[in-house]
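# Fold and contact review
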Amino acid sequence: MTPATDPFVHPALFYADEDAYLAGTVPFMEAGLAADEPVAAAVPGENLALLRKALGRHAERVRLLDMQEAGRNPGRIIPRVLRAFADAHPGRHVRIIGEPIWQGRSDAEYPACAQHEALINHAFSGRTATILCPYDTSRLDERVLADAHATHPLLIEDGAERASDAYAPDRVVADYNVSFSSPSGARELAYDADLLPDARNFATDHAAALGLAAERRDDFALVVAELTTNSVVHGGGTGTVRVWAEAGQVVCEVQDGGLLSDPLAGRRPAAPGQIGGRGLLLVNYLSDLVRVHTDRRGTTVRCWFPLLPGSPATA
């Protein structure tokens, strides 16, 4: 489908201050409520407070989520936030405000954010939904705003709507499918099917030594197990796992010879009764950030988890 014929509508809302933010978001939600449409807003906490106050007594009729928590990892926003809400209202037009990009997103996070915004168009194609994505023009840099033109077929600014003449979501997905720089101080282990338990234990033990919180170690171990098992089953039978610390986080990287041809892999919610195919979805749910690079030479997946304050790797 083309944007002109697709029932899915995906506008970017450009705002420069609180008044412009509320003028572009509150009427959007109120129109949905007046039409008895399900309405949700997943935005950063500061803006969430603005919306809750502006909605007043109607706030209880809107599903309100702090995107800084629900969407910390951009890879889980489509399945756990957007599709979860839309799928809970089958056969109905839903309205969602989704603001996944805010000042303070790290350089590591941003490519995953841009790809997320591009992939929404494929994830919701053919569905009766409108997802409005606000962008703060006073705080976000020109690269982010240019990418918004490429990932949204419709642009809204100062109350005026226009089609984007730069719409090219697949280009954005490709542009941020970039190879990673070599990590500094990484510990690594090559593995095959016989060494899967060793790979999991190696990675988890090293992460714990770096300062990974005890309550996150089971999540980390499960992520490593899913990724290394995928390597054996789908990635040529062997792989390499690496673990290191950077910027207050522990990073796990799994590299193998497979090609990940589906850019929505790990971003679709599992169908009821589905057997298998949940590995990357689970990785997205458990990690604070997931980045992927894939080409004909192989696939590399990096996952980030927070380190404890004061741990040796953050000192």
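As the structure is a computational prediction, the values presented were derived from the model and not from experiment.

### Comments concerning the packing of aromatic side chains
A complete count under the given rule lists five aromatic pairs for this structure. Ring geometry for Y15 against Y21: centres 4.6 Å apart, planes inclined by 65°, an arrangement best described as edge-to-face. For Y15, a relative accessible area of 6% translates into the label buried. The exposure class assigned to Y21 is buried, which follows from its relative accessible area of 1%. In this arrangement the basic side chain of R80 is found over the ring face of Y285, its NZ or CZ atom lying 3.8 Å from the centre. One residue, R95, lies across the ring of F28, its end atom 5.1 Å from the ring centre.

### A closer look at the side chain of T300
By secondary structure assignment, the location of T300 is in strand β12 (residues 298–306). Residue classification places T300 among the buried residues on the basis of a relative accessible area of 8%. Looking at T300, its side chain comes within polar contact range of the side chain of Q255, at 3.3 Å. Each residue touching T300, except ones within four places of it in the same chain, is listed here: F180, E253, V254, Q255, R291, V292 and H293.

### Examining the sheet that holds strand β8 (residues 187–191)
Strand pairing in a sheet is mediated by backbone hydrogen bonds. Such pairs are either parallel or antiparallel. Strand order in the open sheet formed by five strands is β8-β9-β10-β12-β11, with antiparallel pairing between adjacent strands. On the outer flanks of this sheet lie β8 and β11 (289–295), each paired with one strand and no other. Taking each pair of neighbouring strands and ignoring which way they run, the sheet shows an average axis angle of 15°. Pairing between β8 and strand β9 (residues 239–246): five bridges, direction antiparallel. Counted as the bridge partner of R187 is V243 from β9. Against the sheet, helix α8 (residues 196–210) engages β8, β9 and β10 (249–256), with an angle of about 5° to β9. Most of the contacts of helix α9 (residues 217–234) go to β10, to which it runs at about 15°, and overall it touches β8, β9, β10 and β12.

Cut-off values and rules
Residues numbered from 1 in each chain as written. Predicted model: local features only at pLDDT ≥ 70, side-chain atom pairs only at ≥ 80, totals over all residues. Heavy atoms only, no water. Phe/Tyr/Trp six-rings, centres within 6.5 Å; stacked < 30°, edge-to-face > 60°. Buried < 20%, exposed > 50% of the residue type's maximum accessible area, 1.4 Å probe, protein only. Lys NZ or Arg CZ within 6 Å of the ring centre and 35° of its normal. Helix = DSSP H or I, 4+ residues; strand = E, 2+ residues; numbered from the N terminus. Polar contact = N/O pair within 3.5 Å; in protein donor to acceptor, adjacent residues only side chain to side chain. Contact = heavy atoms within 4.5 Å. Pairing = 2+ DSSP bridges. Axes fitted to C-alpha atoms, helices over the stretch in contact; angles between N-to-C directions.

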